[in-house]
Amino acid sequence: MKQVEPQVFLLARPAINEEGLASYLQAVGAPNWDTDAPSAGEKLIEVAGRSCYRSFEPGLNPNVTKIREGSKAYLENILKVKHGSVVEHANWTFAFFNVSRVFTHEIVRHRAGTAISQESLRFVRLTEIGMWVPPEIRENPEALAIFEEVVRKSEEAQQRMADVLAIEGRPFHEKKVLTSAMRRVAPDGLATTIIWTANARTLRWVIEARTEPGAEVEIRMVFARVAEIMKKEAPHLFGDFKPIPLPDGTHQWQPDHSKI
Ligand SMILES: Cc1cc2nc3c(=O)[nH]c(=O)nc-3n(C[C@H](O)[C@H](O)[C@H](O)COP(=O)(O)OP(=O)(O)OC[C@H]3O[C@@H](n4cnc5c(N)ncnc54)[C@H](O)[C@@H]3O)c2cc1C
């Protein structure tokens, strides 16, 4: 057994095609419009939102005589009035590495606005099993000994079954069938990887739901990290999230504008 810590890697963020945006702004009659948005994602959402009322400048739509100036004021209002669909235009992609199957099972419950690719344990054979050890077990030597023993036995079981089933040297499709059969006795806590893409609306909701005190500790830790990253990535979209310390040393990230 290898003790691991869950890790969060930001793999991708939105980008603007400035040429296409300039052509669109020309076409809509606002060639001089610009924004002080700190990120491409925030700029994209602002463009999408302003397109709804042609509120790039006063008078472009005769019904609009006054517009909100600046990315911060504009996006704050979008969040306040819960114009949530606009916020779906920008997506970020994360690798959650060395997270447990407990974690992946929970995160896939969030369906709206996500894309998911999960390490296949039909294809990837288990040898040394990585485990994040929760503090309650880590801090109790007797509990830790039981925990480690079970994982070691599980590793042995994988190896013994691989030998008994003579997996080596078989064609790949047969290895896949056997690997999938053998994983059934693997522990739920084993470390794995999931690539997770979510739009800003989903990110806001999942950070809120998964850092609340009732959520499981591993997913709370991971989404606290996601919250920190997103606050830096898109301060006008995530700036209202504040960390509230919890007794176990983790933080709940509470937004001013809940569930947009
Ligand atoms: C602390 C905690 C404890 C939990 N405990 C359990 C448990 O014991 N057992 C269990 O099974 N699950 C549990 N869950 C999972 C929970 O029930 C949800 O499945 C999960 O949080 C996904 O959230 P969501 O339903 O908001 O879906 P998301 O996909 O995140 O959707 C976001 C929002 O979009 C809307 N939406 C999405 N899909 C639909 C739809 N089909 N129809 C209408 N509106 C939709 C809803 O407003 C929804 O809130 C728990 C979650 C948390 C945070």
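Residues numbered from 1 in each chain as written. Predicted model: local features only at pLDDT ≥ 70, side-chain atom pairs only at ≥ 80, totals over all residues.

1. Quick notes on the overall build of the protein
Stage number 1. A count of helical and extended segments in the protein gives ten helices and eight strands.
Stage number 2. C-alpha extents for the protein along the principal axes are approximately 75 × 50 × 20 Å.
Stage number 3. Taken over 260 residues, the protein has a buried fraction of 27%.
Stage number 4. A fraction of 77% describes how many contacts in the protein between residues 6 or more apart in sequence connect residues 24 or more apart. (Helix = DSSP H or I, 4+ residues; strand = E, 2+ residues; numbered from the N terminus. Buried ≥ 20, exposed ≤ 12 C-beta atoms within 10 Å, placed from the backbone. Contact = placed C-beta atoms within 7 Å.)

2. Thoughts on the site of the ligand
Stage number 1. Surveying the vicinity of the ligand reveals the residues Arg109, His110, Arg111, Ala112, Trp205, Ala209, Arg210, Glu212, Gly214 and Ala215.
Stage number 2. Of the residues belonging to the shell around the ligand, the class tally is four nonpolar, two polar and four charged. (Near = placed C-beta within 6 Å. Nonpolar A, V, L, I, M, F, W, Y, C, P; charged D, E, K, R; others polar.)

3. Comments concerning the domain arrangement of the protein
Stage number 1. Its domain assignment divides the protein into domain 1 (12-88) and domain 2 (122-185).
Stage number 2. Placing the centre of domain 1 and that of domain 2 at their C-alpha centroids yields a distance of 51 Å. (Domains from an automatic or database assignment.)

4. Re the pairing of strand β7 (residues 242-245)
Stage number 1. Across four bridges, the pairing between β7 and strand β8 (residues 251-254) is antiparallel. What sits directly across from Pro243, in β8, is Trp253.
Stage number 2. As consecutive antiparallel partners, β7 and β8 are separated by five residues, and within that stretch Gly249 has a phi angle of approximately 90 degrees, a positive value. (Pairing = 2+ DSSP bridges.)

5. Comments concerning the sheet that holds strand β2 (residues 7-12)
Stage number 1. Spatially, the four strands line up as an open sheet ordered β2-β3-β6-β4, and their pairing is antiparallel. Bordering the open sheet on either side are β2 and β4 (114-118), each of which pairs with just one other strand. Strand-to-strand twist across the sheet, computed as the mean angle between neighbouring axes with direction ignored, equals 20 degrees.
Stage number 2. Bridge count for β4 against strand β6 (residues 191-199) is five bridges, and the pairing is antiparallel. Along β6, the bridge assignment pairs Ile116 with Trp196.
Stage number 3. Along the sheet face, helix α9 (residues 217-233) touches β2 and β3 (91-100) and points at about 150 degrees away from the line of β3. (Axes fitted to C-alpha atoms, helices over the stretch in contact; angles between N-to-C directions.)

6. A closer look at the pairing of β2
Stage number 1. The element β2 is barely covered by neighbouring structure, given that only zero of its six residues are classed as buried.
Stage number 2. With five bridges connecting them, β2 and β3 associate as antiparallel partners. In the strand pairing of β3, Leu10 is matched with Phe94.

7. Some thoughts on the environment of Asn17
Stage number 1. Along the chain, Asn17 falls in the loop between β2 and α1 (18-28).
Stage number 2. Residues Asn17 and Leu44, spaced 27 residues apart in sequence, show a C-alpha to C-alpha distance of 9.9 Å.

8. Points about the packing of helix α2 (residues 40-53) against helix α3 (residues 71-80)
Stage number 1. Running from N to C, α2 and α3 point in directions that differ by 65 degrees, and their axes come no closer than 10 Å. On the basis of the axis angle, α2 is roughly perpendicular to α3. With respect to the hand of their crossing, α2 and α3 are arranged in left-handed fashion. Taking contact as the criterion, the partners of Glu42, Ile45, Glu46 and Gly49 in α2 are, on α3, Ser71, Tyr74, Leu75 and Ile78.
Stage number 2. Classifying every residue of the contact of α2 with α3 by side-chain character gives four nonpolar, two polar and two charged. (Parallel < 35°, antiparallel > 145°, perpendicular 65-115°, else oblique. Left-handed = near helix turned anticlockwise from the far one by under 90°.)

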